[in-house]
Amino acid sequence: MWFLQSCLPNIYFPSKNSPASTTASEKSHWSPLYTSLQHGISTNRFETLVFDYRGPTVTILRLRDDRVVAIATDHEWRHSGTRFGGPFTSFFEILPKISRIDEPNSIYCNLKLRSSAYGLNFKQELKIDKDFDEVHDIEVWGCAGAETLSEQQKLKNWQKQ
């Protein structure tokens, strides 16, 4: 976690008081959105708990081939037939070797749309099928602060009604 946090730009660390604040004491903590240890490995739960979070996220995956990777994206997760991700989107391989790729429009995520290929991938670096069979553990952290998490919950409640 320290390695990831030290490599990410300030957009992943919103200030508690004002957008211009940049000191470490004014930064807010990340919010856990989804963890397979608590929620199980499920594309439905991943979608329910992660999609519609309107802020940057960091997704950490431990794969069945013993790799540990992370995806940091400054755009919200969504089903799409095209790639997404803004200028602060990055892919990190943590194990077995450390590497980093910064690339906008590099995330592909489609777990529902029949008109496009299913799966989740980051360019050629990561390919996961729609059932997450390659994933051993997954955690997703919301990086936009408590207000964004509250807005996501309000939207989910409205959608339920």
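Heads up: the structure comes first, above all this text.
Below you will find a few notes about this structure. (Residues numbered from 1 in each chain as written. Predicted model: local features only at pLDDT ≥ 70, side-chain atom pairs only at ≥ 80, totals over all residues. Heavy atoms only, no water.)

The strands that make up a sheet are held in pairs by hydrogen bonds between backbone atoms, and each pair lies either parallel or antiparallel. The strand order across the open sheet built from six strands is E1-E9-E2-E3-E4-E5, with neighbouring strands paired in antiparallel fashion. Edge positions in the sheet fall to strand E1 (31-35) and strand E5 (99-102), since each of these pairs with one other strand and no more. Across the sheet, the mean angle separating the axes of adjacent strands is 15° when strand polarity is ignored. Across seven bridges, the pairing between strand E2 (residues 57-63) and strand E9 (residues 135-142) is antiparallel. Note on E9: the bridge partner recorded for Arg-62 is Asp-137. Against the sheet, helix H3 (residues 43-50) contacts E1 and E9, and its axis sits at roughly 165° relative to E1. (Pairing = 2+ DSSP bridges. Helix = DSSP H or I, 4+ residues; strand = E, 2+ residues; numbered from the N terminus. Axes fitted to C-alpha atoms, helices over the stretch in contact; angles between N-to-C directions. Contact = heavy atoms within 4.5 Å.)

The next thing to look at is the pairing of strand E4 (residues 90-95). Bridge analysis of strand E3 (residues 68-73) against E4 gives five bridges, and the strand direction is antiparallel. When the sheet's bridge partners are listed, Ala-70 is paired in E4 with Phe-92. In sequence, E4 turns back onto E5 through a hairpin of three residues.

Structurally, Asp-66 is set in the loop between E2 and E3. For Asp-66, a relative accessible area of 63% translates into the label exposed. (Buried < 20%, exposed > 50% of the residue type's maximum accessible area, 1.4 Å probe, protein only.)

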